[in-house]
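Chain and residue survey
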Amino acid sequence: MSDFDKAIEFAQECVSKTPVVLLGSGASAAHGIPGMWPLGAHIKENPPKGMSPEDAQGWNQFSESLDQLDLESALTKTRLSEHLTDHIVHSTRSFLFPHDHDVFLRAISERESLPLSRLYHFLFQSTHQTIHVVTPNYDRIAEYASDLAGYSYFTGFEYGYINRRARDENMRVHQAGRAVRTVCIWKVHGSFDWFKDRDDQVFFFPNCWETPEGYTPVMITPGVDKFRRGYQEPFRTIIGAADSAIDAARSYLCIGFGFNDEHLQTKLVERCRGNNTPTVIITKELTDTAKDFLFKGKCRQFLAMEECEGGTMIYTHFAPDGFHLPDQSLWQLDKFLDVTIGA
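Counting from 1, residues in each chain are numbered in the order their sequence is written. Only residues with pLDDT of 70 or above have their local features reported here, since the model is predicted, and side-chain atom pairs are shown and tallied only from 80 upward, although totals for entire chains, interfaces and linings are computed over all residues. As a rule here, side-chain values cover all heavy atoms of the structure and leave hydrogens and water aside.

As a further point, take the pairing of strand β14 (residues 311-316). Of all six residues that make up β14, six are buried, and the element is covered over most of its length. In terms of strand pairing, strand β13 (residues 302-308) meets β14 through six bridges, oriented antiparallel. Directly across from Glu307, in β14, lies its bridge partner Thr312. Any two strands with at least two DSSP bridges between them are considered paired. Helical segments are the DSSP runs of H or I of at least four residues, strand segments are the runs of E of at least two, and each set is numbered from the N terminus. Connecting the antiparallel pair β13 and β14 is a turn made up of two residues, with Gly310 showing a positive phi of about 80°. The pairing of β14 with strand β15 (residues 319-326) spans five bridges and is classified as antiparallel. For Gly311, the partnering residue across the bridge sits in β15 and is Pro326. Between β14 and β15, which pair antiparallel and follow one another directly, the connecting turn spans two residues. Summary of the burial criterion: residues with accessible area below 20% of their type's maximum are buried, those above 50% are exposed, and those between are partly exposed, where the area comes from a 1.4 Å probe applied to protein chains only.

Pairing in this open sheet of four strands is antiparallel, and the strands run β4-β9-β8-β10 from one edge to the other. Edge positions in the sheet fall to β4 (163-164) and β10 (216-219), since each of these pairs with one other strand and no more. Pairing of β4 with strand β9 (residues 202-204) involves two bridges; the strand directions are antiparallel. Considered in β9, the bridge of Asn163 is made with Phe204. In what follows, a contact means two residues having at least one pair of non-hydrogen atoms within 4.5 Å. Interaxial angles span 0 to 180 degrees and are taken between N-to-C directions of axes, which are lines fitted to C-alpha atoms, for helices over the stretch in contact. Sheet strands touched by helix α6 (residues 82-110): β8 (190-196) and β10. Its angle to β10, the strand with the most contacts, is close to 80°.

A few words on the packing of aromatic side chains. Only the six-membered ring of Trp is used, alongside the rings of Phe and Tyr, when aromatic pairs are assigned; centres must lie within 6.5 Å, and planes under 30 degrees apart are stacked while those over 60 apart are edge-to-face, with the rest tilted. Tallied over the full model, the rule gives 19 aromatic pairs. Ring centres of Phe97 and Phe192 lie 5.8 Å apart, and the angle between their planes is 75°; this geometry places the pair in the edge-to-face category. In this pair, Phe97 is assigned in helix α6 and Phe192 in strand β8, connecting sequence segments 95 residues apart. When its relative accessible area of 1% is taken as the criterion, Phe192 is described as buried. Grouped by ring-pair contacts, the aromatic residues Phe97, Tyr138, Phe192 and Trp209 constitute a single cluster. Definition used: whenever NZ (Lys) or CZ (Arg) falls within 6 Å of the ring centre and also within 35 degrees of the ring normal, the charge is taken to sit over that ring. The residue whose ring lies beneath Lys6 is Phe318, and the NZ or CZ to ring-centre distance is 4.9 Å. Here the guanidinium or amino end of Arg93 rests over the ring plane of Phe97, the centre of that ring lying 4.6 Å away.

Okay, the pattern of salt bridges next. Salt bridge, as used here: a side-chain nitrogen of Lys or Arg that lies within 4 Å of a carboxyl oxygen of Asp or Glu. Using the criterion set out here, one finds 15 salt bridges in the structure. In this structure, Asp193 engages Arg140 in a salt bridge whose closest nitrogen and oxygen atoms are separated by 3.0 Å. Of the two residues, Asp193 is situated in strand β8 and Arg140 in the loop between β2 (130-135) and α8 (141-149); the sequence distance between them amounts to 53 residues. When sorted by exposure, Asp193 lands in the same class as Arg140, which is buried. Look at the salt bridges and you will find they share partners, linking Asp100, Arg140 and Asp193 into a network.

Note on definitions: the grid is 1 Å and covers protein atoms alone; a cavity is a set of points where a 1.4 Å probe fits but cannot get out; a pocket is an open set with protein on both sides within 12 Å along at least five of seven lines; lining residues have an atom within 4 Å of a point. Grid points are joined across faces, edges and corners, and a volume is the space filled by probe spheres set on the points. Size it by volume and the second largest pocket reaches roughly 560 Å³. Phe104, Tyr144, Asp147, Tyr153 and Pro206 are, among the 25 residues lining the second largest pocket, the residues nearest its centre. For the lining of the second largest pocket, the secondary-structure elements that each account for two or more residues are α6, α8 and β3 (152-154). Of all the elements, α6 adds the most residues to the lining of the second largest pocket, at five residues. In this count, Pro and Cys sit with the nonpolar residues alongside Ala, Val, Leu, Ile, Met, Phe, Trp and Tyr, while Asp, Glu, Lys and Arg are called charged and the others, Gly among them, polar. In terms of residue class, the lining of the second largest pocket is made up of 15 nonpolar, five polar and five charged.

Turning our eyes to something else, we now look at a nonpolar patch on the surface. A patch consists of residues exposed above 30% relative accessible area that lack any salt bridge, with like charges linked at up to 9 Å and nonpolar side chains (Val, Leu, Ile, Met, Phe, Trp, Tyr) linked at up to 5 Å. Note on areas: these come from Shrake-Rupley sampling with a 1.4 Å probe, and a residue is covered only by the protein chains present in the view. Together, Phe104, Leu105 and Ile108 make up an exposed nonpolar region whose accessible area comes to about 240 Å². When you line up the elements, Phe104 lands in helix α6.

Turning our attention to the sheet that holds strand β12 (residues 279-283). Strand order across the open sheet formed by nine strands is β3-β7-β2-β1-β11-β12-β13-β14-β15, with mixed pairing between neighbours. Every interior strand has two partners, whereas the edge strands, β3 and β15, have only one. The average undirected angle you get between the axes of adjacent strands in this sheet is 20°.

Let us look at the state of the cysteines. For this text, the term disulfide refers to a pair of cysteine sulfurs within 2.5 Å. Tallying each qualifying case throughout the model produces zero disulfides. Of the cysteine sulfurs around Cys184, a residue in no disulfide, the closest is that of Cys254, at 18 Å. Overall, Cys184 belongs to the buried group, its relative accessible area being 0%. As a non-bridged cysteine, Cys308 has Cys254 as the owner of its nearest cysteine sulfur, 20 Å distant. We classify Cys308 as partly exposed; its relative accessible area is 22%.

Below, the structure written as structure tokens:
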């Protein structure tokens, strides 16, 4: 059996175990959602108005950092005030949300399933009633894919237009007395449609293009306050649910995931190092953090695919130096599914 055949067999084994799916920014970029560099440029070009002298000084330091660093690094380097952090959250939402809406419009006008919908279909060809998606992305692509595939989804909130947080993470839609199949989407950094009021009560308003008056988007942006905000609700509960899903997983499928999120990193490394949990990564480019995870003994059984000139570079635990697959883009989800679950 060739290394390629063994790699595909490993991928099929991983997918057949109904993996927890981890979606990173690369999964959104495939649908036209801008990444950190264009977002950083947008934020720099739109400073807040009426800044205090202290905020103006902090903003100038942050802005100068953006000339040399990506947004995440610049925000980590500079401690910004609560006011400036809130401005960045608003600016992030206003810049990225129209691109998310474009995905929604294409989904309803073309009525074509997203590659993620196809994955959901396959994973539910089993006795499983629930599959878990964990993501730091704010966009609703995982939710759109679920709707297109005809499954219910749950993000930790009640169902409807004006929604409070669910009291039970096992809350489900029922049909003829039975819970319907549900995609649980754990959005550990928030969502475009989560908002908090002046009393810090968090709501899910799926129909809001603009942030409602008196509310603030509930999104964790990169920066030195990221961990502090992660311990506030609803993130504490959401991250707990994501950790439970990762703990119980029999395999992982990471799509466009850069392994740069310490909220998820620790639990994932713990599982992959100690339990031989099969892990598949498909991405346009493996980050240095992902390479560190794969090639320094933190993951015992893995398959990773990234783009290279003229095809795909494939790395596995049995071929860690990698091999080249010409003329195929298996690092893209739809192409990956073609060879693992069939057209």
